Structures are given as structure tokens and as C-alpha cells.
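# Coordinate inspection notes
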Amino acid sequence: MNLQLTTPLIIFDWDGTVMDSVGRIVSSMQLTARDLDLPIPTALAVRDIIGISLMPAIDRLFGTLSKSQLERFFAVYRHYYIDADQTPSPVFPHAETVLQQLHTQGFQLAVATGKARHGLERVWAETGLDVWFHYSRCADEAESKPHPKMLHDLLNESGFQAEQAIMIGDSVHDLRMAANAGMAAIGVTFGAHPRERLQAETALCLVDSWTELQSVLTQYNPSLTHQVVGS
């Protein structure tokens, strides 16, 4: 597939795209359900909701909870995810190097994440990756993916048009959000959703690593129109 695009703005999802946090999300969600005597969701069920905001994720996994149940859920989940669950959640190999290089090349970088603002700020403080990003939008600042509000807000803030941006994400929620915003997207296969799920969505291409992602993205130029070959 040959496409002509000018893409000075690259928007990244976080969990499962920049950070390998899917395992910890699954584990923390299951431990929270156990502690609260809720039905323990399968790993597949949890992976399916990664990328959307926490409230709709809870609704999908457990149905409607009372206000007191929700308050307890938030506290217990936060306890496990931040403190008690020791499942590793490192930044994906080569991600930091690629982000730095894209930044140096003149691309504008942004994050559109299912995390709340405090969650993104926390992982930015832990990883130091915030220095490479110009803009961000979080789950508590817009409607949940796949609603395009996050992307519309980022376009408004940056001054770019949808055709000047690309969304990078690991879930069908990311790719559908991009489609709903009229924006191109690239799917990564190393996060929450496998290749076969992503293949059913609209994307320029699917990539299996950050090095492959870099190879695709660096065919774009932040100020000139280049030809990009997808798969």
C-alpha cells in the first residue's frame, strides 16, 4: 500500500505501546477482583479492555458497581498496580532511543492514553520519557477510546490537521479512535491485542517491534511529503 502523507505529529498510546505494562494490568485487575469477591476475569478479557478508560473497563468486566464498590475498587487496584504487584512493566526495548531520534528529527510527539493524568505523570517521572513529548491527553480529560475526542484535542492544541498526524497503538481501541478522527494509524503487535485482531482494523501497517516502527516512521519527514510503503 503506497500512501502520500505529511505527518509532523506522531501520537502514541502508552500501555502496551511505549510501556510493557499489559502483564501488570492483567495481574492487578485479577487481584483486585479476588480481594473484592468479584468474578475474576480471564487474562484475555482484561487484555481486551486495555486502552479504554477505567470506568468503562470496569463496566465491561464486572457490570455496574455501586458507588462504594467503585471507591473500593479504585483504591485496591491502585494499591496493586502502583505498589504491591511486582509484575515488571518496563519500557519496550529501543522505545526511548526511537523517541529521542524522532524528537531530534523534528517530529512533534504526543501521547493519547487510557491512563488518568496522575498515572501518566507518575510513569513519566519514573521513566523520564516526558522530555520527548510535546502534548498529551489522558482518560480523565476526554471521552474514552475509541471516541476521537483525545485526538481532536491534541490536533487543536498542536495546530495540525488530522492528515498531518499518525496514531500509534497496540489495541483495536487505538486504531478505531484514529479512524473516527480521520487520522492514519499504525498498529503494534507486541501489546494488548494480537496481530489477527489488529488486522481487522484500518491501519497503514502493523509492526512487530520498535525498531521496525522506527523504520516505517523515518520514511516520513516532518516538513516534506514522502511516500510510505505499508503492509
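Because the structure is predicted, anything quoted here is derived from the model rather than measured.

## Description of the overall build of the protein
- Scanning the protein for helices and strands turns up 10 helices and eight strands.
- Over its C-alpha atoms the protein spans a radius of gyration of 17 Å, differing by no more than 12% from the 17 Å that the globule rule assigns to 231 residues.
- Principal-axis analysis of the C-alpha atoms gives the protein an extent of 55 × 35 × 30 Å.
- Looking at the protein as a whole, 53% of its 231 residues are labelled buried.
- Long-range contacts, defined as pairs at least 24 residues apart, comprise 66% of the intrachain contacts of the protein with a sequence gap of at least 6.
- Accessible surface for the protein amounts to roughly 10,000 Å². Of this, 50% is attributable to carbon and sulfur atoms.

## Thoughts on the pairing of strand 3 (residues 108–112)
- Most of strand 3 sits out of view: five of its five residues are buried.
- What you see with strand 3 is no split at all: Q108, A110 and A112 on one side and L109 and V111 on the other are buried throughout.
- As paired elements, strand 2 (residues 9–12) and strand 3 share four bridges and run parallel to each other. When the bridges of strand 3 are listed, L9 appears paired with Q108.
- Sheet analysis places strand 3 next to strand 4 (residues 135–137), joined by three bridges and oriented parallel.

## A short note on the layout of surface pockets
- In this structure, the largest pocket encloses a volume near 590 Å³.
- Lining of the largest pocket is provided by 26 residues; of these, L54, Y77, G114, K115 and A116 occupy positions nearest its centre.
- Going through the elements one at a time, helix 1 (22–35), helix 3 (54–62), helix 4 (67–84) and helix 6 (117–127) are the ones with two or more residues in the lining of the largest pocket.
- Looking at the lining of the largest pocket element by element, the count peaks at five residues for helix 4.

## What to know about the sheet that holds strand 6 (residues 184–188)
- Taking strand neighbours across the sheet as the criterion, the six strands line up as 4-3-2-5-6-7 in an open arrangement whose pairing is parallel. Single-partner strands in this sheet number two, and they are strand 4 and strand 7 (205–207). Averaged over all adjacent pairs, the angle separating strand axes in this sheet is 25°, with direction ignored.
- Lying over the sheet, helix 7 (residues 149–158) contacts strand 2, strand 3, strand 4 and strand 5 (165–169), oriented at roughly 155° with respect to strand 4.

## Digging into the packing of helix 1 against helix 4
- The contact between helix 1 and helix 4 brings their axes to 9 Å, and the two run at 135°. Overall, the two elements helix 1 and helix 4 adopt an arrangement that is oblique. As helix 1 packs across helix 4, the resulting crossing turns out to be right-handed. Packed against helix 1, whose contacting residues are R24, I25, S28, M29, L31, T32, R34 and D35, the element helix 4 presents F73, V76, Y77, Y80 and Y81 at the interface.
- Tallied by class, residues from the contact of helix 1 with helix 4 come to eight nonpolar, two polar and three charged.

## Some thoughts on helix 5 (residues 95–105)
- Residues of helix 5 that are buried include every one of A95, V98, L99 and L102, and no others. In an axial view of helix 5, the angular spread of the buried residues amounts to 100°, which keeps them on one side of the axis.
- At its buried positions, helix 5 is contacted by strand 2, strand 3 and helix 10 (210–217).
- Note on helix 5: the residue one or two positions beyond its end, G106, has a positive phi of about 105°.

## Let's talk about the packing of aromatic side chains
- One pass over the full model with this rule turns up eight aromatic pairs.
- Grouping aromatic residues by their ring pairs yields a cluster made of F12, W14, W124, F133 and W210.
- Of note, R24 hangs over the ring of Y81, and the distance from its end group to the ring centre comes to 5.7 Å.

## Things to note about the nonpolar core
- Grouped together as the largest cluster of nonpolar side chains are 33 residues, with contacts concentrated most on F12, W14, I186 and W210.
- Where this core is concerned, the elements lending two or more residues are strand 2, helix 5, strand 3, helix 6, strand 5, strand 6, strand 7 and helix 10.
- By size, the runner-up hydrophobic cluster in this structure holds 24 residues, among which are L9, M150, L175 and L198.

Scoring rules and cut-offs
Residues numbered from 1 in each chain as written. Predicted model: local features only at pLDDT ≥ 70, side-chain atom pairs only at ≥ 80, totals over all residues. Heavy atoms only, no water. Helix = DSSP H or I, 4+ residues; strand = E, 2+ residues; numbered from the N terminus. Rg over C-alpha atoms; globule rule 2.2 N^0.38 Å. Buried < 20%, exposed > 50% of the residue type's maximum accessible area, 1.4 Å probe, protein only. Contact = heavy atoms within 4.5 Å. Areas by Shrake-Rupley, 256 points an atom, 1.4 Å probe, with all protein chains shown as cover. Pairing = 2+ DSSP bridges. 1 Å grid on protein atoms, 1.4 Å probe; cavity = no way out; pocket = protein on both sides within 12 Å on 5 of 7 lines; lining within 4 Å. Points joined across faces, edges and corners; volume = space filled by probe spheres on them. Axes fitted to C-alpha atoms, helices over the stretch in contact; angles between N-to-C directions. Parallel < 35°, antiparallel > 145°, perpendicular 65-115°, else oblique. Left-handed = near helix turned anticlockwise from the far one by under 90°. Nonpolar A, V, L, I, M, F, W, Y, C, P; charged D, E, K, R; others polar. Arc of directions from axis to C-beta. Phe/Tyr/Trp six-rings, centres within 6.5 Å; stacked < 30°, edge-to-face > 60°. Lys NZ or Arg CZ within 6 Å of the ring centre and 35° of its normal. Core = buried A, V, L, I, M, F, W, Y, C linked by side-chain atoms within 4.5 Å.

That is the geometry; function is a separate question.
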